[in-house]
Every structure is written in structure tokens, then in C-alpha cells.
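Here's the letter readout for the chains.
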Amino acid sequence: MARLAAAAFSTTLAVSGFALLPAPAAAQGVALTSCGNSGQGFPQWLELFKQQAVAQGVSPRAVSAALGGITYDANVVGADRGQKVFGQSFFEFSDRMVANYRIQQGRQLIQKNKALFDHIEQQFGVPGAVLVAFWGLETDFGAFMGDKQTIRSVASLAWDCRRAEMFRTQLMAILRIVERGDLTPQAMRGPWAGELGQFQFLPDHYLNYGVDFDGDGRVDLIRSTPDALASAANYIKALGWQRGQPWLEEVRVPANLPWQQADLSIKLPRGQWAAWGVVRADGRPLPNDQLPASVLLPMGRNGPAFLVYPNFDVFTEWNNSLVYATSAAYLAARVAGAGPFNRGQGKAIPVLSQSQVMELQRLLNARGHHVGRVDGITGAATRQAVKVEQTRLGLPADSYPTPDLLAALRAGR
């Protein structure tokens, strides 16, 4: 769901409860586990999927309405293989996405719909600033939800070999949504990766977390803003949101901070950070309390610094790209009244290109690290491996990849 092309960016899926049954013998060798990198074999596979859907209790009427006449879309599969947006740095992405108009419009929407946002926060515990941050990043507050035929997109990705199981789960969820009467197949339009509605829910999230908040008997996350906002809050609550707790605040860090402790996987009492000299952005001291917190340095020790709390984990669950999650949390903080962050050394901070990050990932893997797919995106596994190598080489271990680190690994140091 909702993860800025959530399906597209390797996001965490909720358990849908749908299991694909063994293929019927009549399928004559066309196994549902088969997949393809082209449209060849797609019609036969789709017919088998229809049989499986009926066997799982979806009515033939709903199956026919949703999947009748669906053809393979090679452009969607090509888009799935060509994603580059999260190869951007935090500066690049946040400068573009955390725009002033989104901050102002988010505040205005909360004020204009105060009763609705208050009701949602009372029921789910999620503040309006967090909701409008995701709303703004996902679809510009419902203005741009995409116009591709969702069912065709998801069916094409379900046939493609790269993530067939994931998208077959989504395709089955679409059939359940049609069966339930929430949306017609014709109304299901969105971006190429199959998300739906004002918060870009994956279909199984739509099915499992959608809320009929306007009381019309249907969960309509495309046309009903109350349904969309309440459903997003319901999902955020399910991800572990703690009512009344912070998520992110900008801080200043001292030059002698134990950099190896600046890691999202390390949560220390806020009082410990205060003892190490971390202060709020305006210089005021942090509370000397036990609230767990991590120091986040999205551009390394020479860039902006944030203290993030357990609620920040919800942002990384929504989208596991750290660039996206940090930008969303920062946008929510700005909507809630925080000022712009201090850029530190700004343009002087070195930024590796996506091809350089890919080279770095290959070098890290060659040294026995496991950074996952070599994709040029500095995810959690890459950052952890960077920290280990920085420590080994005697560099400040802030987990930020630099040209110096790349040069050292190239030289075999």
C-alpha cells in the first residue's frame, strides 16, 4: 500500500491470508507457479488464475468482470525494472518533495477539515500532520492518483517472474475488492505498480485496512476523502503508531559524537544523547528522560541531524526507502510547525552517483557483506556494511558512503 509506488519500491506487505491452491489437473501442465518475461503464455496463465480464484471462493461473476479481456502490458513490466528515484540523495529527494506548497496546503487542509481530522485522531491516535504528509507525497492530496488500468498492470506484474508471488497476492485482493462491491473494475485506475486511491494503497492493504468512514456502505479510497484518511490512519495504527508520541525532530550534534552510535538500529534513552552533547535545533537541551531515540544522519555527520523516535519506524514500514521515510517524517514535522532543517555543509557534502553506489555495493559484497540487490540505492544493509568498513579503516563511522571510502575499497585496503 501507500508507499509512493509501494509495490514498486520493495515494500513490506501485510499478510493477506490468500493461499494459491494446487493447480487443477485439467490445466494440462500449465502450473500457476510459472511466469514469463514476455507476454507469451500470459493468456493461458490468466485462465488458470481465474480457476484458482473461483476455487478460493471468488464468484465467477466477479472474476469475469475483473479479468475478462485483460491483456499483458509490457510497458508496466519495463517500468518495474527501471526504477531510479530512490537512488537520489536525501537533499535531492526532500528538496523536490517537501515543497512549500505541500507544507502550506497540508496545514490548510487540516484547518479546513478540523472536525474530520480530530475525529480520526480520536479514533486511531494518528495526528493530522502525519496523515497529510503521506497524502501529499503519495498523490498531492488526491490530485494525481494515476490513470493506468490497475487490473491490467497487476496481472502483468503477476505474470512477470521478478515478483510474481507478491503481485498474485495483489491480484487476488483486487478480485475480493470487486466481489465486496467497493470499486468496479473500471474505477480501478492508478499508477503502473497497481496502487489505488488517495494514499496509494496496495490492493491487499485496501482490502485489509480500508475503512468506510463516511458511512455509505462502501470503502472508496479513490473518491471519498473521509474513507481515504481514516484508512490511512487505520493502517498507520496497525504498523505500531503510539498515540501522543513524537516521531522526528531536528537536533545539533557535537563533533565528538560517538558516530558509530548514530544508527537507526540503535535506540538509546534520550537522556544518553543529551549527555553526549546532542541538543535541540534551537540549542535548548533535550529532556533527560528514558524515551528511546536514534540519531539519524541522512547526509552523514556533515549534514542535517535528526533524533527519531519509535514512531519513526512507521514511516520506514510505510516505505522502506530511508530517503522517502525521512522526507515524509520531515514533511509531517514541518506541517506540525517545525522550521526548515540546517543543511550543515550543504553542497560541499559529497554525493556518490547511483553507478558509484552500485560499485560500492559490489565491493562490499566482495568483502563478505550482504547488501542485497546491487541497485545503487543506499538501504539499511548497505549503510550497515559502510559503517563496518568505516570502523575498520579508522574513518568516522557515520554510515554515509563517501568517495574516500570508495577509493579505499577500490585500492583493496
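Residues numbered from 1 in each chain as written. Predicted model: local features only at pLDDT ≥ 70, side-chain atom pairs only at ≥ 80, totals over all residues. Heavy atoms only, no water.

Visitor: Pulling in residues and values, what's your account of helix H2 (residues 60-67)?
Guide: Buried residues of H2: Ala62, Val63, Ala66 and Leu67, and no others. Along the axis of H2, the buried positions cluster into a sector of 100°, meaning they face one direction only. Those residues of H2 that are exposed and angled more than 90 degrees off the buried face are Pro60 and Arg61. Positive backbone phi, approximately 80°, marks Gly69, located one or two places after H2. (Buried < 20%, exposed > 50% of the residue type's maximum accessible area, 1.4 Å probe, protein only. Helix = DSSP H or I, 4+ residues; strand = E, 2+ residues; numbered from the N terminus. Arc of directions from axis to C-beta.)

Visitor: How would you summarise the confidence of the model for the protein if you had to cite specific residues and measurements?
Guide: Fine structural detail should not be taken from predicted coordinates in areas where pLDDT scores are low. Of the residues in the protein, 91% reach a pLDDT of 70 or more, and the chain-wide mean stands at 91. Across residues 1-30, confidence stays below pLDDT 50; counting only partners more than four residues off in sequence or on other chains, it has 101 contacts. (pLDDT = per-residue confidence, 0-100. Contact = heavy atoms within 4.5 Å.)

Visitor: I'd like a rundown of the packing of helix H1 (residues 42-55) against helix H9 (residues 164-180), residues and numbers included.
Guide: At a minimum axis separation of 11 Å, H1 and H9 run at an interaxial angle of 55°. Viewed along their axes, H1 and H9 adopt a mutual orientation that is oblique. At the point where H1 passes H9, the crossing takes the right-handed sense. Listed contacts from H9 to Trp45, Phe49 and Ala53 of H1 are Arg168, Leu171, Met172 and Leu175. (Axes fitted to C-alpha atoms, helices over the stretch in contact; angles between N-to-C directions. Parallel < 35°, antiparallel > 145°, perpendicular 65-115°, else oblique. Left-handed = near helix turned anticlockwise from the far one by under 90°.)

Visitor: Run through the packing of aromatic side chains, naming residues and quoting values.
Guide: Taken as a whole and assessed by the stated rule, the structure comprises 25 aromatic pairs. Centroid distance Phe201 to Tyr235: 6.2 Å. Interplanar angle 55°. Geometry classified as tilted. Placement of Phe201 in the loop between strand E2 (189-190) and helix H10 (203-209) and of Tyr235 in helix H11 (residues 225-238) is noted, with a sequence separation of 34 residues between them. This pair shows no difference in class: Phe201 is buried, exactly as Tyr235 is. Connected via pairs of aromatic rings, a cluster forms that spans Phe134, Trp135, Phe141, Phe199, Phe201, Tyr209, Tyr235, Trp241, Trp247, Phe312, Phe315 and Trp318. Lying across the ring of Phe91, Arg343 places its NZ or CZ 4.1 Å from the centre. (Phe/Tyr/Trp six-rings, centres within 6.5 Å; stacked < 30°, edge-to-face > 60°. Lys NZ or Arg CZ within 6 Å of the ring centre and 35° of its normal.)

Visitor: Mind laying out the packing of helix H5 (residues 100-112) against helix H7 (residues 128-139), listing which residues take part and the relevant values?
Guide: The geometry of H5 relative to H7 is characterised by a closest axis approach of 10 Å and an angle of 130° between their N-to-C directions. Judged by the inter-axis angle, H5 sits oblique to H7. Regarding H5 and H7, the two cross each other, and that crossing is right-handed. Only Gly128, Ala129, Val132, Trp135, Gly136 and Leu137 of H7 make contact with H5, whose side of the interface consists of Arg102, Gly106, Leu109 and Ile110. Tallied by class, residues from the contact of H5 with H7 come to six nonpolar, three polar and one charged. (Nonpolar A, V, L, I, M, F, W, Y, C, P; charged D, E, K, R; others polar.)

Visitor: Summarise unusual backbone geometry; cite the residues concerned and give the values.
Guide: The backbone of Asp140 sits at a positive phi, close to 55°, despite the residue not being glycine. Position of Asp140 relative to the elements: it lies in the loop between H7 and strand E1 (148-149). Positive phi outside glycine occurs at Ser399, with the angle close to 70°. With respect to the helices, strands and loops of the structure, Ser399 is situated in the loop between helix H16 (380-393) and helix H17 (403-410). You can call Ser399 buried: its relative accessible area is 2%.

Visitor: Quick rundown of the state of the cysteines? Include the residues and the values.
Guide: Here the structure, examined in full by the defined rule, presents one disulfide. Residue Cys35 pairs covalently with Cys161 via a disulfide, S to S 2.1 Å. Every disulfide takes its handedness from the sign of the S-S torsion; for Cys35 and Cys161 that torsion is 100°, giving right-handed. With Cys35 in the segment before H1 and Cys161 in the loop between helix H8 (150-159) and H9, this pair connects stretches of sequence that are 126 residues apart. The class of Cys161 is partly exposed, set by a relative accessible area of 33%. (Disulfide = S-S within 2.5 Å.)

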